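# An overview of the molecular structure
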Amino acid sequence: MTLHTILLQAGITPTDTLAAKHIKAASDSVRAHIDSLTNTLTNPDSLATITPSKLVSGIADMDWSGIVSNLTGQIITVGLRIAAALICFYIGKFIINKIYRLLQAIMVRKDFDRSLTTFLLSFIKITLLFLLIITAIGIMGIETSSFIAIFASAGVAIGMALSGTLQNFAGGVLILLIKPYKVGDYIYYDKYEGFVREIQIFNTVITTYSNERIVIPNGGLSTGSINNFSAEAYHRLQWKVGISYGNSVDTARRVVLDILKAEPRILQRKEDAVEDLKVPDETLIETANDQEEKKHWWHRVLHWHRKRQVKQLMKQAELIKHETRVAPPVVALESLDSSAVTLVIRAWAKTSDYWDVLYKINEQIYTEFPKQGLHFPFPQMDVHINHAES
């Protein structure tokens, strides 16, 4: 078995033709001398006549200068390959770090989602490092297909062992790309609700109003139903108030509308939602567009998102203007129950003001109704007793 065969069986294929010839020549020379010594030692006639002087002369007759020359050339070749691989690795690592910082600066400048930025940067850096390592191994003259096969087999085994974890990983990628919610939103999922604090690769972390920390796997979040309370800019508030039979519905309606009108956070008309957006005037947009055209092309490329944000605001304002769900406050008689006349009250407010307005209006209704002669009934039952004559 030659040295060339041993390297082939070990999965190492010299890619350089000259290096392969040196290895083969050295191994053939060594094998020829070994075969000669073996024949001498195994031949009975030779064994009978062999002497230490003959053994020493046989070893001395070997072409040691050729063997040393071949081995020295091969060592120098391998050393140069290792040095080239190390230089390539460190240069590639330097370039990868520069690319990482450049992408990080671009994502921060373009106001990318923080969780998506972290995930994408980590994924890109790991992928580039893996390709760099494979390239360095190839420069050393080692066949890379065996390494790729080993990594692929290990990936299959790990994937089968961590199927649930990989499902959460895939769910995290979908959440970061589709964005059904973002950090800071208040969401409802299954029996959990709270503010989203972190969107990790495998889990989403939320905190409740009582500051309880809940970790939810992303696999279920990506396939389940999520109620995102913070997704819309405005929400409709609703109250149900019962008054006693005999009380005036018109009086109750007037009192409620006065309370709602006095609350500045309640939208009194549909146009208030458009005004809250603070959309720039058309002339200002045209002036901004003219200024953008006069600037250098690289400046327009780096700041293209500003123009897009203005257009998005105008589009959102146009949608809200034609949105029929945003309506002025309304008070209606919903039902005639057994113990009360139930009024339903509906009004719109910003999502950020939802809970404050809800609680404040509750308190004001409870305070103002008795002042206007309106009473809150209690569940009651009239019992009539008939005395039978004896």
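Let me sum up the structure you'll find in this document. Given the structure is predicted, the values throughout are model-derived calculations rather than measurements.

## Points about the pairing of strand β4 (residues 213-217)
Burial along β4 is one-sided: I214 and I216 are buried, while R213, V215 and P217, pointing the other way, are not. Note: strand β3 (residues 203-207) against β4, five bridges, orientation antiparallel. Pairing of I206 across the sheet is with I214, part of β4.

## Here's the deal with the packing of aromatic side chains
This model, assessed by the stated rule, comprises 12 aromatic pairs. When the centroid spacing of 6.4 Å and the interplanar angle of 80° are considered together, the rings of Y186 and F229 count as edge-to-face. Within this pair, whereas Y186 is found in strand β1 (residues 186-189), its partner F229 is found in the loop between β5 (226-228) and β6 (234-243), the two being separated by 43 residues in sequence. Like Y186, the residue F229 is buried in the burial classification. Residues Y366 and F376 carry aromatic rings whose centres are separated by 5.9 Å and whose planes lie at 15° to one another, so their mutual orientation is stacked.

## Some details on the sheet that holds β5
Picture the strands of a sheet paired through backbone hydrogen bonds; they go either parallel or antiparallel. The sheet built from five strands is open, its strands ordered β4-β3-β2-β1-β5 with antiparallel pairing. In the strand order of this sheet, the two ends are held by β4 and β5, each with one partner. Going from strand to strand, the sheet's axes swing by 40° on average, the running direction of each strand aside.

## A few points about the nonpolar core
Side chains of a nonpolar character, in soluble globular proteins, are inclined to be buried together. Counting 25 residues, the largest nonpolar core has L237, W239, L260, I345, I361, I365 and F369 as the members making the most contacts within it. Among the secondary structure elements, those contributing two or more residues to this core are β6, α10 (249-262), β8 (341-350) and α15 (354-371). In terms of residues, this core owes the most to one element, α15, which gives six residues. Apart from residues lying up to four places away in sequence, L260 is in contact with W239, I266, Q268, P329, I345, A347 and I361. Of all hydrophobic cores here, the second largest spans 13 residues; its members include V173, Y189, I206 and L221.

## Some words on the sheet that holds strand β7 (residues 330-336)
Overall, antiparallel pairing links the three strands, which are arranged β6-β8-β7 in an open sheet. Of all the strands in the sheet, just β6 and β7 have a single pairing partner and so form its edges. Each neighbouring strand pair of the sheet contributes to a mean axis angle of 25°, computed without reference to strand direction. Relative to β8, β6 runs antiparallel, the two sharing 10 bridges. Its bridge partner being in β8, Y234 is matched across the sheet by K350. Contacts from α15 reach β6 and β8, with the element oriented near 20° to β6.

The rules behind these values
- Residues numbered from 1 in each chain as written.
- Predicted model: local features only at pLDDT ≥ 70, side-chain atom pairs only at ≥ 80, totals over all residues.
- Heavy atoms only, no water.
- Buried < 20%, exposed > 50% of the residue type's maximum accessible area, 1.4 Å probe, protein only.
- Helix = DSSP H or I, 4+ residues; strand = E, 2+ residues; numbered from the N terminus.
- Pairing = 2+ DSSP bridges.
- Phe/Tyr/Trp six-rings, centres within 6.5 Å; stacked < 30°, edge-to-face > 60°.
- Axes fitted to C-alpha atoms, helices over the stretch in contact; angles between N-to-C directions.
- Core = buried A, V, L, I, M, F, W, Y, C linked by side-chain atoms within 4.5 Å.
- Contact = heavy atoms within 4.5 Å.

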